[in-house]
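The chain contents come next:
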Amino acid sequence: MATPQLLVGKVCGITGGLTGIGRAIALEYLRHGAKVAVNHLGGTNDDALVEAFHKDATDILLPGEERRFITVAGDISKPETGANFVAKIVETFGRLDVFVSNAGVCQFAEFLDIEPALLDQTVNINLCGAFYATQAAGRQMALQQSPPGGSIIGISSISALVGGGQQCHYCPTKAGVLSLIQSTAVALGKYNIRCNALLPGTIRTQLNDVDMSDEKKRAYMEGRIPLGRLGAPKDLAGPAVFLASDQLSGYVTGAQLLVDGGLFVNLQ
Ligand SMILES: NC(=O)c1ccc[n+]([C@@H]2O[C@H](COP(=O)([O-])OP(=O)(O)OC[C@H]3O[C@@H](n4cnc5c(N)ncnc54)[C@H](O)[C@@H]3O)[C@@H](O)[C@H]2O)c1
């Protein structure tokens, strides 16, 4: 059965969207009829990923349909990247309706071993990057388009709510993203901009591939998840469509949605 198209004509930007959760959201937004811009870190390592994304994105378009996606390189930890990304989106598609702040890093490390460089990198990408990008999206949605308005989605984490012994540098950044989204919901409500956070549980991506390829660890994790399986990137796509759609979530702002197979409520 054909999926109903809930985002036809909406212009959506997603940071860190060539892999994992961001990629799944970007492709799902395309399936729902949106125009999609994907930020990615850049560099030669990304070439194959850009090519693969372009292929999968093109497959979603109808035969003969004009291309409605772009990919834009830029390091999200730099203050100007968010603004450049939004400028490119507006130059290409004319406005911005939905912005997903997704780019992030997570390297497992023992608390007592963490060096300033790892802490700085994690904070700069996950929290400062989310701040700059969200601010750039907010400026566009609030001040540069008529009527003002939009939907901003921050990819936080279950780690915003619970501790992680090997993630003492990471969890606070995800709590920060949740707090950023709650605060921007307050700041931007008067412009009809909704801001909400998605809190993934354990989703199988390159972020935790090494950790989750340890069979014992994976079985232990799966045993704690009421739905009995790790998440897949696609599991975040539906919730991201819900929060992007005014039709479905027009009165939802400042909210946090766990997408974790029930893991959080089973932590005892
Ligand atoms: N996988 C999980 O279990 C899980 C759980 C909770 C939250 N999250 C969050 O989901 C988001 C996506 O992670 P994922 O699991 O899909 O992993 P991922 O590694 O596939 O995605 C992260 C993306 O961010 C990009 N990125 C990293 N640094 C960047 C920078 N400086 N500038 C631009 N892009 C940059 C990476 O290249 C990558 O494409 C992250 O914010 C992560 O914290 C993931």
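Placed above this text is the structure.
Residues numbered from 1 in each chain as written. Predicted model: local features only at pLDDT ≥ 70, side-chain atom pairs only at ≥ 80, totals over all residues.

K.L.:
How should the overall build of the protein chain be read in this particular structure?
P.N.:
Looking only at helices and strands, the protein chain has nine helices and seven strands in total. For 268 residues, the compact-globule estimate of 2.2 N^0.38 gives 18 Å, and the C-alpha radius of gyration of the protein chain, at 18 Å, lies within 12% of that figure. Dimensions along the principal axes, computed over C-alpha positions, put the protein chain at roughly 50 × 40 × 40 Å. Looking at the protein chain residue by residue over its 268 residues, the buried ones come to 44%. (Helix = DSSP H or I, 4+ residues; strand = E, 2+ residues; numbered from the N terminus. Rg over C-alpha atoms; globule rule 2.2 N^0.38 Å. Buried ≥ 20, exposed ≤ 12 C-beta atoms within 10 Å, placed from the backbone.)

K.L.:
Explain the site of the ligand to me, please; I cannot follow it from the model alone.
P.N.:
What surrounds the ligand is a group of 28 residues, the closest being G16, T19, G20, G104 and T205. Contributions of two or more residues to the shell around the ligand are made by α1 (20–31) and β2 (35–40). The greatest single-element share of the shell around the ligand, amounting to three residues, is contributed by α1. (Near = placed C-beta within 6 Å.)

K.L.:
Is there a simple way to explain the packing of α1 against helix α2 (residues 47–60) in this structure?
P.N.:
Packed helices, taken two at a time, are described by their axes: the angle between them and the distance between them. Closest axis-to-axis distance for the α1/α2 pair is 9 Å, and the angle between their directions is 25°. Comparing the axis directions of α1 and α2 gives the class roughly parallel. Two packed elements cross with a definite hand, and for α1 against α2 that hand is right-handed. Along its contact with α1, which presents R23, L27, L30 and R31, the element α2 presents F53, D56, A57 and I60. When grouped by side-chain class, the residues that make up the contact of α1 with α2 number five nonpolar, no polar and three charged. (Axes fitted to C-alpha atoms, helices over the stretch in contact; angles between N-to-C directions. Parallel < 35°, antiparallel > 145°, perpendicular 65-115°, else oblique. Left-handed = near helix turned anticlockwise from the far one by under 90°. Contact = placed C-beta atoms within 7 Å. Nonpolar A, V, L, I, M, F, W, Y, C, P; charged D, E, K, R; others polar.)

K.L.:
Explain unusual backbone geometry to me, please; I cannot follow it from the model alone.
P.N.:
The general pattern is negative phi for most residues beyond glycine and trans for most peptide bonds. With an omega dihedral of 0°, the bond running from S146 to P147 counts as a cis peptide bond. Along the chain, the position of P147 falls in the loop between α4 (116–143) and β5 (150–155). Positive phi is not limited to glycine here, since N192 has a value of about 65°. Looking at where N192 falls in the secondary structure, it is placed in the loop between α5 (171–188) and β6 (193–200). By the C-beta count within 10 Å, which is 16 here, N192 ends up partly exposed.

K.L.:
What's the story with the packing of α4 against α5 in this structure? I'm lost.
P.N.:
Axis separation between α4 and α5 bottoms out at 10 Å; the angle between their running directions is 15°. Accordingly, the angle class assigned to the pair α4 and α5 is roughly parallel. With respect to the hand of their crossing, α4 and α5 are arranged in right-handed fashion. Contacts from T122, V123, N126, L127, A130, F131, T134, G138 and A142 in α4 reach T173, K174, G176, V177, L180, T184 and L188 in α5. A class-by-class count of the residues in the contact of α4 with α5 yields eight nonpolar, seven polar and one charged.

K.L.:
So what exactly am I meant to see when it comes to the sheet that holds strand β1 (residues 11–14) here?
P.N.:
Backbone hydrogen bonds are what pair the strands of a sheet, in a parallel or an antiparallel way. Strand order in this open sheet of seven strands is β3-β2-β1-β4-β5-β6-β7, and the pairing throughout is parallel. Each edge of the open sheet is held by one strand with a lone partner, namely β3 (69–73) and β7 (256–259). Neighbour-to-neighbour, the strand axes of the sheet open up by a mean angle of 15°, direction not taken into account. Inspection of the sheet shows β1 paired to β2 by four bridges, in the parallel sense. When the bridges of β2 are listed, V11 appears paired with K35. (Pairing = 2+ DSSP bridges.)

K.L.:
What should I look at first to understand the nonpolar core in this one?
P.N.:
For soluble globular proteins, nonpolar side chains are generally found buried alongside one another. C12, I25, Y29, V36, L236, A240 and A244 are the most contacted members of the largest nonpolar core, which has 63 residues in total. Per element, the largest residue contribution to this core is eight residues, and it comes from α4. In contact with Y29, other than residues within four places in its own chain, are L7, C12, A34, V36 and A244. (Core = buried A, V, L, I, M, F, W, Y, C linked by C-beta atoms within 7 Å.)

K.L.:
Please explain the pairing of β2 as it appears in this structure.
P.N.:
Strand residues, when the strand is regular, have side chains that alternate between the two faces of the sheet. For β2, a buried count of six out of six residues is recorded, marking the element as mostly surrounded by other parts of the structure. The two faces of β2 match: K35, A37 and N39 on one face and V36, V38 and H40 on the other face are all buried. Since β1 and β2 lie parallel, the crossover through α1 that links them has a hand, and here it is right-handed. When β2 meets β3, the two strands line up parallel, connected through five bridges. In the strand pairing of β3, V38 is matched with T71. Note that the unit made of β2, α2 and β3 has a crossover that is right-handed. (Right-handed = clockwise from strand over helix to strand, strands pointing away.)

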